[in-house]
Structure formats: C-alpha cells, structure tokens
Amino acid sequence: MADEKTLYVTKPTRSTLFMRTFLPFQIWRFVVINLKMIGIIRRGHRTGGRG
Amino acid sequence: MSRVVVLGAGIAGHTAAAFARKWLGSEHTVTVVSPRPDYNWVPSNIWVGVGLMKPAQVTIPLAPVYERAGIEFVQAAAREIHPDGDRDHPTPYVVVEPAGGAATELPYDFLLNATGPELRFDKTEGLGPDGGHSLSVCLPGHAAAAAAALAEEVERMRRGERRRFLVGVGHGTCTCEGAAFEYIVNLEFELRARGVRDRAEITWITNEYELGDFGMGGMYLKRAGYITPSSIFNASLFAERGIDWITRAHVQKVEPDRVLYETLDGAQGEQGFDFAMLLPPFSGVGLRAFDRDGGDITERLFLANQFMRVDADYTAKPYEDWKASDWPRTYQSPEYDNIFAAGIAFAPPHAISRPHMSPNGTLIAPAPPRTGMPSATIAKAVARSIVDMIGGATAPTHTASMAELGAACVASAGSNPFTGTAASMTVFPIVPDFERYPVYGRDQDRTFGEIGLAGHWIKILLHHLFLYKARLRPGWRMIPE
C-alpha cells in the first residue's frame with residue numbers, strides 16, 4: 001500500500017484495537033447497539049405509519 | 001374477492017406477500033411470481049463468497065413456505081403488465097413466463113412490482129462471472145464460485161506465490177458499495193485466518209467520491225468530541241488492514257488480468273489482478289406495459305432505467321435543488337391506483353450522493369441503495385395500503401419515505417465469534433433532509449457507527465432471525481423489518 005496515502009489517515013491505537021474484541025466491553029456494546037437500533041426501528045415504524 | 005399479485009420474492013416481495021396474506025381474509029388471494037425457487041438472504045452472500053457458508057445456508061425453498069402460509073407461488077419470470085386488460089376482457093393482468101414453458105396470463109386486482117434488479121454485467125466489457133473475467137457475490141451461485149476461486153488463490157499463496165486481489169464496483173454508476181466493502185474486509189480477514197495475508201496485495205476500486213459514501217452521501221458521526229465524516233473511518237480501516245484504494249473510478253473494461261478505468265479527473269488508469277470481485281450496475285428487470293389495444297405504454301409506467309415510476313418527483317433538477325420531499329411516500333404508480341413498486345424496483349427520483357461527471361462526460365456517482373431494512377419497511381407499508389384499499393380505502397393509507405425512515409445496518413468486517421468484527425451503523429433519515437437537519441442532513445443523535453465484536457454477534461443474530469422470519473415460523477411478525 002502506498003505509504004504516502006497512509007501517512008494522512010487516522011489509525012486506531014493499540015487500546016482501540018484491544019477494546020474492539022475485549023469481551024466484557026463488547027457485551028456492553030452489544031446491549032447499547034441493540035438499543036440504538038431498536039430506537040431507529042421504532043421511530044421508523046412511527047414515521048412510516050399512516051399516510 | 002380480490003387478487004393481489006406480487007412480482008418478486010426478494011426481501012421486499014416476500015415481506016409484502018407475507019403481511020398481505022396475514023392481514024387479508026381467506027376470500028382474497030395472494031400470489032407471488034418469482035423466476036427462482038428460493039428466497040435468498042442476500043446480506044449473508046458475502047460469507048458464502050469467502051467460503052464460510054454454503055448457498056443452502058443463505059437460501060430457503062419458497063414453495064413449502066408459501067403452501068403453509070396460503071400464498072400461491074408461480075415460479076416464472078414476469079414479462080408484461082396489461083393494466084387495462086385487453087380488447088377481450090377489461091381485467092388487468094400480467095404475462096408470466098416459466099422457464100421452458102409457455103407464457104400465461106395472471107389476472108390481478110392489485111399488483112406489487114418487487115422484481116429487484118437486473119444485474120447489468122453487460123454494461124462493462126468483460127465484467128462478471130458468466131463470460132467475463134470478474135467474480136460476483138450478488139447471487140448465491142456467484143458467491144459460491146467466488147469462494148472456489150478464493151480457495152484456489154489461497155493454495156497458490158501457500159505454495160509461495162504472491163497474488164493480487166481487486167474488489168469493488170465494476171461501473172461508474174453502481175450501487176451496493178456497502179456489500180463490496182463487506183466482501184473486501186472479510187476477504188482480508190480470511191486471508192489472515194488462513195495464514196497467507198503477507199502474500200496478498202488487496203485493492204479497493206470504487207465509484208464513490210470519497211470512501212465511506214456507500215451511495216448515501218456518506219455519514220457524519222459524533223465521536224471523541226468531533227463530528228467526523230465516514231470517509232475517515234473507512235480509510236482508517238483500510239489503512240489498518242493494509243488495503244489500498246482507488247476512488248472516483250469508472251471501470252471501462254475488465255481483461256483477464258487487469259481492469260482499465262477512468263477517474264473523475266479524466267485520467268485513464270489500469271489495475272492488475274489475479275482475483276477480482278466487482279459488483280455490476282443495476283437496472284429494472286425490463287418489464288413492458290401495454291394498453292387495451294396492445295399499444296406500448298412502458299414509458300408511462302417506467303423510467304428509462306426500467307425502474308417503476310411511483311409517487312416521487314422525477315423532475316430533473318440540479319443537486320442543490322434536491323429535496324427530501326422528492327422521495328416517494330406511498331409507492332403507488334401515478335398512472336394506476338392499483339399498481340405499486342417496492343424495494344429496488346421503484347425508481348428513485350435521483351441519487352443521494354452528489355453526482356459527478358468526468359471531463360469526458362462519464363457519470364461517476366453511486367446510485368442510491370434501497371435494500372435491506374428500508375426495502376422491507378417499504379414493502380410492509382405498501383402491503384398495509386393494499387389491504388386497506390381492498391377494505392374500501394380510496395387511497396394508500398401508509399407511507400414509508402426513505403427521507404423519513406431511519407436504517408440500521410451491520411457491515412461484517414470479519415467472521416469469528418471471538419476475533420471477528422463488524423461496523424454497526426444507524427442513520428436517520430436514510431435520505432438526508434437538509435431542511436430539517438441543516439449542514440449534515442441527518443439527526444446526529446440518531447446517526448452513529450462503531451466497529452467491534454458486538455457488531456459481528458448482531459450480524460450473526462440477524463442472519464438467523466431473518467431466515468427464521470422468512471420461513472414464516474411462529475412469531476415471525478414479532479421480528480422487525
């Protein structure tokens with residue numbers, strides 16, 4: 001990959017990479033992400049309702 | 001007694017047929033017409049494409065599901081719509097053609113066109129798995145062929161060879177960049193898992209103006225005290241995984257070992273490959289429409305790209321004048337009250353991403369995605385409107401504008417229960433509304449994204465939940481779209 005290109009790209013730190021697969025944190029994120037998605041679905045059902 | 005005919009058994013058609021059947025009394029009929037015998041949970045095709053699943057794990061036979069649900073199933077391709085009937089009888093009908101059989105007429109009272117896309121590999125010379133030089137994951141069979149080719153490449157690398165992988169889109173007007181994105185990061189993950197990553201050179205080629213556009217104008221995410229464009233996150237992931245990228249590209253030709261492409265600045269480029277997975281552009285499936293006298297009225301029902309006209313504002317106007325209100329709400333044909341379209345089959349009023357043209361006049365801009373969650377939500381709203389109109393309503397009763405709906409999306413970035421990751425994203429609304437949400441076009445509190453193992457678990461959960469739902473097993477209606 002061209003070094004020039006990667007010089008100007010944001011890259012994750014070691015702790016960021018670690019947290020992406022750190023089980024206790026990811027179990028928490030599983031709950032949070034699901035709640036966020038349910039919120040979007042509920043809102044979609046409200047706005048996508050009766051015309 | 002009313003006859004509801006649904007053309008197509010993809011996410012939109014299958015969802016609409018299932019809900020219509022559930023909501024209608026037994027005196028009414030629901031018929032699904034599809035050329036293929038199976039339902040395909042398309043989002044999981046990428047896992048077939050890297051050899052982690054078999055086609056049978058992402059498909060279900062439709063006939064037994066429909067028999068149990070009381071839905072008639074006609075395995076045939078829809079060819080013609082006769083919305084006024086013909087000289088002999090005024091009943092509207094569609095002409096359907098089974099493989100190897102004679103065309104037959106299927107009368108309807110309400111018609112839903114959910115035929116999905118025609119895969120237009122022919123738009124780029126040499127593109128596609130059938131007679132071309134590139135692979136695809138659009139269909140389970142395509143994905144299985146990609147997995148077999150990948151296995152061969154892995155064997156070569158195990159013998160010490162270096163191999164070049166090219167993944168992305170094969171035309172300047174493609175959509176579904178998100179699916180190609182999932183494929184490239186899964187491919188990279190699998191090459192690492194199989195111990196050959198150091199012998200692979202992986203390149204992304206896309207028609208997006210910036211990485212992370214995905215045909216929806218990208219996203220802006222609130223993270224760490226900044227509002228950051230999705231291009232930053234996409235580039236970061238590629239840099240982390242050692243994936244190179246070519247943006248703003250229109251692939252002109254695919255040769256056995258290289259693609260030739262044009263970029264927005266008018267420059268010509270080429271990229272060599274040993275393995276290329278390039279998605280095709282889409283069009284409608286080419287349905288024709290005829291009036292009572294047999295006159296061709298296709299142009300009244302469809303745009304030139306063969307997608308169906310619905311209640312959108314199709315007036316040609318510059319990007320600056322695009323509005324959220326241009327997008328359809330009821331998906332009813334403006335010509336016929338009893339015809340609707342849902343999913344990829346409806347014609348969007350314009351793109352979502354800002355369009356760009358090269359100095360040579362080549363349009364290089366992603367087409368708008370309308371798959372997955374919005375596709376099913378639209379289909380359910382249309383089914384409700386049809387059921388209500390059968391019950392006496394004079395107009396569609398339910399709406400599902402993509403400019404008013406949010407979407408949740410999980411893009412796999414590697415499949416493993418402990419080391420896999422996926423990007424989980426929500427956007428609200430799907431089509432930016434710059435009048436309601438100035439600057440970014442979306443509600444920043446409801447537009448979010450993050451990558452992690454939790455996303456992978458959700459992706460696996462969705463795979464099983466949606467296949468369960470597609471089988472119309474007990475409680476299927478409890479699973480949201």
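Along each chain, residue indices are assigned from 1 in the same order as the chain's sequence is written. Here every chain gets a letter starting at A, and every ligand a number starting at 1, in the order they are written. This being a predicted model, a pLDDT of at least 70 is required before a residue's local features are given, and a value of 80 or more before pairs of side-chain atoms are given or counted; all residues contribute to the totals for chains, interfaces and linings.

Visitor: Teacher, can you tell me more about the overall build of chain A here?
Guide: Only DSSP runs of H or I covering at least 4 residues are called helices, and only runs of E covering at least 2 are called strands; the numbering of each starts at the N terminus. The number of helices and strands found in chain A is 3 helices and 0 strands. Reading chain A from its N end, one meets helices and strands in the order α-α-α. A residue is called partly exposed when the number of other C-beta atoms within 10 Å of its own lies between 12 and 20, exposed at 12 or fewer, and buried at 20 or more, with C-beta atoms placed from the backbone. Going through the 51 residues of chain A one by one, you find that 16% of them count as buried.

Visitor: What am I meant to see in helix α3 (residues 62-69) of chain B here?
Guide: Each turn of an α-helix holds 3.6 residues, which means side chains three or four residues apart point in the same direction. Residues and elements named next belong to chain B. Among the residues making up α3, those that are buried are L62, V65 and Y66. All buried residues of α3 project into a common sector of 90° when viewed along the axis, lining one side. For α3, exposure combined with an orientation more than 90 degrees from the buried face picks out A63, P64, E67 and R68. Contact between two residues is assigned whenever their backbone-derived C-beta positions fall within 7 Å. Packed against the buried residues of α3 are β2 (29-34), β3 (38-40), β4 (59-61) and β5 (72-75). Where α3 ends, the next residue or the one after it, G70, has phi of about 80°, a positive value. The directions from the helix axis to the C-beta atoms form the arc being described.

Visitor: Got a minute to help me understand the confidence of the model for chain B in this structure?
Guide: It should be kept in mind that the predicted coordinates are not to be read in detail where pLDDT is low. In the predicted model, chain B carries a mean pLDDT of 96, and 100% of its residues have values of at least 70. The complex model carries a pTM of 0.95, and its ipTM stands at 0.91. For every residue, the pLDDT score states the predictor's confidence, bounded by 0 at the bottom and 100 at the top.

Visitor: Would you mind going over the packing of helix α1 (residues 11-23) of chain B against helix α8 (residues 372-390) of chain B with me for this structure?
Guide: Angle between the axes and distance between the axes: these two values describe a pair of packed helices. All names here are of chain B. Contact pair α1 / α8: the axes reach a minimum separation of 8 Å and the direction vectors enclose 35°. Classified by chirality, the crossing of α8 by α1 is right-handed. Contact residues: α1 offers I11, A12, T15, A16, F19, A20 and W23, while α8 offers G372, S375, A376, I378, A379, K380, V382, A383, I386 and V387. In this classification, Asp, Glu, Lys and Arg are treated as charged, Ala, Val, Leu, Ile, Met, Phe, Trp, Tyr, Cys and Pro as nonpolar, and every other residue, Gly included, as polar. Residues of the contact of α1 with α8, tallied by class, amount to 13 nonpolar, 3 polar and 1 charged. Between N-to-C directions, angles span 0 to 180 degrees; the directions come from axes that are lines fitted to C-alpha atoms, helices contributing only their stretch in contact. Two helices that cross are described as forming a left-handed crossing if the nearer one is turned anticlockwise from the farther one by less than a right angle, and a right-handed crossing if clockwise.

Visitor: How should the confidence of the model for chain A be read in this particular structure?
Guide: With 78% of its residues at a pLDDT of at least 70, chain A reaches an overall mean of 85. The spread of mean pLDDT over the elements of chain A runs between helix α1 (residues 3-7) of chain A, the lowest at 79, and helix α2 (residues 14-20) of chain A, the highest at 96.

Visitor: Explain helix α4 (residues 140-158) of chain B here, please?
Guide: Residues and elements named next belong to chain B. Multiplying 1.5 Å by the residue count of a helix minus one yields the expected span of that helix. The end-to-end C-alpha distance of α4 is 27 Å, a good match for the 27 Å that 19 residues give at a rise of 1.5 Å each. Buried within α4 we find P140, H142, A143, A146, A147, L150, E153 and M157. Looking straight down α4, one finds its buried side chains confined to an arc of 145°; they lie on one side. Turned more than 90 degrees off the buried face of α4, the exposed positions are A148, A151, E152 and E155. Of the surrounding secondary structure, the elements contacted by the buried residues of α4 are β3, α2 (45-49), β4, β11 (163-169), β12 (200-205) and β19 (275-279). Directly after α4, the chain includes G160, whose backbone phi takes a positive value near 105°.

Visitor: Explanation requested: the interface of chain A and chain B in the structure shown.
Guide: How large an interface is tends to be reported as the accessible area lost when its parts come together. On the side of chain B, 37 residues touch chain A, which itself brings 25 residues to the contact. Among the elements that make up the side of chain A that touches chain B, the one with the highest residue count is helix α3 (residues 23-47) of chain A (12 residues).

Visitor: Please explain the pairing of β11(B) as it appears in this structure.
Guide: Side-chain direction in a regular strand flips from residue to residue, so the side chains alternate between the two faces of the sheet. All names here are of chain B. Counting buried positions along β11 gives 5 out of 7 residues, so the element sits mostly inside the fold. Note that β11 and β12 share 6 bridges and pair parallel. In the strand pairing of β12, F165 is matched with I202. For the handedness criterion, the strands are oriented away from the viewer, and a crossover whose path from the first strand over the helix to the second runs clockwise is classed as right-handed. In the classification by handedness, the crossover that spans β11, the intervening helix α5 (residues 177-193) and the parallel β12 is right-handed. Two strands qualify as a pair provided DSSP detects at least 2 bridges between them. Summarising the sheet, β11 and β19 pair through 5 bridges and their orientation is parallel. The partner of V167 across the bridge, within β19, is M277.

Visitor: Before we go on, may I ask you to explain the sheet that holds β5(B) in this structure?
Guide: Two strands in a sheet stick together by hydrogen bonds in their backbones, pointing the same way (parallel) or opposite ways (antiparallel). Residue and element names in this part refer to chain B. The strand order across the open sheet formed by 5 strands is β5-β2-β1-β9-β22, and the pairing between neighbours is parallel. Looking at strand neighbours, the two that pair on one side only are β5 and β22 (339-341), the edges of this open sheet. Taken over all neighbouring pairs, the strand axes of this sheet differ in orientation by 20° on average, direction set aside. For strand β9 (residues 110-113) and β22, the ladder comprises 3 bridges, and the chain directions are parallel. The residue bridging L112 from the neighbouring strand is F340, located in β22. Strands β1 (3-7), β2 and β9 of the sheet are contacted by α1, whose axis makes an angle of about 165° with β2.

Visitor: I keep staring at unusual backbone geometry and nothing clicks. Help me out?
Guide: Residues and elements named next belong to chain B. The linkage connecting F428 with the following residue, P429, adopts the cis geometry, with an omega of -10°. By secondary structure assignment, the location of P429 is in the loop between β24 (422-427) and β25 (448-452). Unlike most non-glycine residues, Q306 shows phi in positive territory, near 70°. Within the secondary structure, Q306 is located in the loop between α7 (298-301) and β22. Q306 sits in the buried class, given 20 other C-beta atoms within 10 Å. The backbone of V439 sits at a positive phi, close to 80°, despite the residue not being glycine. The residue V439 is located in the loop between β24 and β25 in this model. V439 gets classed as exposed once you count the C-beta atoms within 10 Å, which come to 10.

Visitor: Would you mind going over the nonpolar core with me for this structure?
Guide: Nonpolar side chains in soluble globular proteins tend to be buried together. All names here are of chain B. If you look at the biggest cluster of nonpolar residues, it comprises 156 residues, and the most contacted ones within it are V6, A16, L112, I184, A342, V382 and I386. Considering every element that reaches this core, the biggest residue donor is α8, with 11 residues. If we skip the residues at most four places from it in the chain, I184 touches V167, I202, W204 and I243. For this entry, the nonpolar core is defined as buried Ala, Val, Leu, Ile, Met, Phe, Trp, Tyr and Cys residues connected by C-beta atoms within 7 Å.

Visitor: Would you explain the environment of S333(B) in this entry?
Guide: All names here are of chain B. Its place among the elements puts S333 in the loop between α7 and β22. When the 24 C-beta atoms within 10 Å are taken as the criterion, S333 is described as buried. Spatially, the C-alpha atom of S333 lies 9.5 Å from that of F346, the residues being 13 residues apart in sequence. Look past the residues within four positions of S333 in its chain and what remains in contact with it is L301, M308, R309, V310, I339 and F340.

Visitor: What's the story with the sheet that holds strand β7 (residues 93-97) of chain B in this structure? I'm lost.
Guide: Residue and element names in this part refer to chain B. Ordered by their spatial adjacency, 4 strands build an open sheet running β8-β7-β6-β21, and the pairing between neighbours is mixed. Edge positions in the open sheet fall to β8 (104-107) and β21 (288-289), since each of these has one partner strand only. Taken together, the 2 bridges between strand β6 (residues 77-82) and β21 define a ladder with parallel strand orientation. Across the sheet, E80 pairs through a bridge with R288, a residue of β21.

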